[in-house]
Amino acid sequence: MSEQGGDPVVWRVHPSLMGRAGVLWTLVVLSVGGAWLAWLVGPTETRAVHAAVATGIIAALSLIWWLVLLRPRVELRDEVVVIVNPLATHRVRREDIVAVSDGLYGAEFHRKDGFKIHAVALGDATAGIRGGRLVEVRKALAL
């Protein structure tokens, strides 16, 4: 990160988890396309119901994918750390962070006042960030 207001350092959900989710999403989209194609070939009430249910499933899966995989991130800016979790966004001044540890669902940012903020985006595909991501975050925060 540059000293004069450069681009923030951003961490997102682990790439291997994103790849697996992308494959699953692609399979569901293909099944929805197949259901609608079957209805176009032979329009029956049963096939229409199957296609509608498949469309609802892809809509729900897309919402969950966005909330759990695409939205979460951790941004290190010059003076603030922005932690975006599926349902909440936290902004913490860098000087208020005293430690970063490994948690069950990702990193835990420990604040001076004793509270912890979980960062879901820093979790590994196997739960926890026991690898290099924790070291990267500590190094970037100079902890």
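Reference entry: report on the structure contained in this document.

Reading the values: rules and limits
Residues numbered from 1 in each chain as written. Predicted model: local features only at pLDDT ≥ 70, side-chain atom pairs only at ≥ 80, totals over all residues. Heavy atoms only, no water. Helix = DSSP H or I, 4+ residues; strand = E, 2+ residues; numbered from the N terminus. Expected span 1.5 Å × (residues − 1). Buried < 20%, exposed > 50% of the residue type's maximum accessible area, 1.4 Å probe, protein only. Contact = heavy atoms within 4.5 Å. Patch = residues over 30% accessible without salt bridge, like charges linked within 9 Å, V, L, I, M, F, W, Y side chains within 5 Å. Areas by Shrake-Rupley, 256 points an atom, 1.4 Å probe, with all protein chains shown as cover. Salt bridge = Lys/Arg side-chain N within 4 Å of Asp/Glu carboxyl O. Pairing = 2+ DSSP bridges. Axes fitted to C-alpha atoms, helices over the stretch in contact; angles between N-to-C directions. Phe/Tyr/Trp six-rings, centres within 6.5 Å; stacked < 30°, edge-to-face > 60°. Core = buried A, V, L, I, M, F, W, Y, C linked by side-chain atoms within 4.5 Å.

**As for helix H1 (residues 15-41)**
Argument step 1. Under the 1.5 Å per step criterion, the end-to-end length of H1 is 39 Å for 27 residues, consistent within 8% with the ideal 39 Å.
Argument step 2. Of the positions making up H1, those classed as buried are Ala21, Gly22, Val28, Val32 and Ala35.
Argument step 3. Buried-residue contacts for H1 involve helix H2 (45-70).

**Observations concerning a nonpolar patch on the surface**
Argument step 1. There is a patch of nonpolar side chains on the surface, built from Val23, Leu27 and Leu30 and spanning about 310 Å² of accessible area.
Argument step 2. By the element assignment, Leu27 lies in helix H1.
Argument step 3. The exposed category is assigned to Leu27, whose relative accessible area is 52%.

**Quick look at the sheet that holds strand E1 (residues 9-12)**
Argument step 1. Here 4 strands make up an open sheet; going across it, the order is E1-E2-E3-E4 and the pairing antiparallel. Two strands lie at the open edges of the sheet, namely E1 and strand E4 (89-93), each paired on one side alone. On average, adjacent strands in this sheet sit at an angle of 15 degrees to one another, irrespective of strand direction.
Argument step 2. Taken together, the 4 bridges between strand E2 (residues 73-76) and strand E3 (residues 80-84) define a ladder with antiparallel strand orientation. Following the sheet pairing, Glu75 is matched in E3 by Val82.

**Remarks on the packing of aromatic side chains**
Argument step 1. All chains considered together, the criterion is met by 2 aromatic pairs.
Argument step 2. Ring centres of Trp25 and Trp65 lie 5.6 Å apart, and the angle between their planes is 15 degrees; on these two criteria the pair is classed as stacked. Placement of Trp25 in helix H1 and of Trp65 in helix H2 is noted, with a sequence separation of 40 residues between them.
Argument step 3. The partly exposed category is assigned to Trp25, whose relative accessible area is 29%.
Argument step 4. Arranged with centres 5.7 Å apart and planes meeting at 85 degrees, the rings of Trp36 and Trp39 form a pair that is edge-to-face. Taken together, the residues span about one helical turn, with Trp36 and Trp39 both in helix H1 at a distance of 3 residues.

**Examining the environment of Val32**
Argument step 1. Locating Val32 in the fold gives a position in helix H1.
Argument step 2. A residue is classified by how much of its surface remains accessible, and Val32, at 11% relative accessible area, is buried.
Argument step 3. A C-alpha to C-alpha distance of 21 Å links Val32 and Leu67, two positions 35 residues apart in sequence.

**Here we look at the nonpolar core**
In a soluble, globular protein the nonpolar side chains are often hidden away together inside.
Argument step 1. Grouped together as the largest cluster of nonpolar side chains are 17 residues, with contacts concentrated most on Val74, Val81, Val100, Phe109, Leu122 and Leu141.
Argument step 2. Those elements that place two or more of their residues in this core are E2, E3, strand E5 (97-103), strand E6 (106-111), strand E7 (116-119) and helix H3 (132-141).
Argument step 3. Sort the elements by how many residues they give to this core and H3 lands first, with 3 residues.
Argument step 4. Val28, Ala35, Ala51 and Ile58 belong to the second-largest nonpolar core, a separate cluster that totals 6 residues.

**Some details on the sheet that holds E6**
Argument step 1. On the basis of which strands lie adjacent, the open sheet formed by 3 strands has the order E5-E6-E7 and antiparallel pairing. Each edge of the sheet is formed by a strand with only one pairing partner; in this case those strands are E5 and E7. Within this sheet the neighbouring strands show an average axis-to-axis angle of 25 degrees, counted without direction.
Argument step 2. Relative to E6, E5 runs antiparallel, the two sharing 6 bridges. Pairing of Ala99 across the sheet is with His110, part of E6.
Argument step 3. Lying over the sheet, H3 contacts E5 and E6, oriented at roughly 175 degrees with respect to E5.

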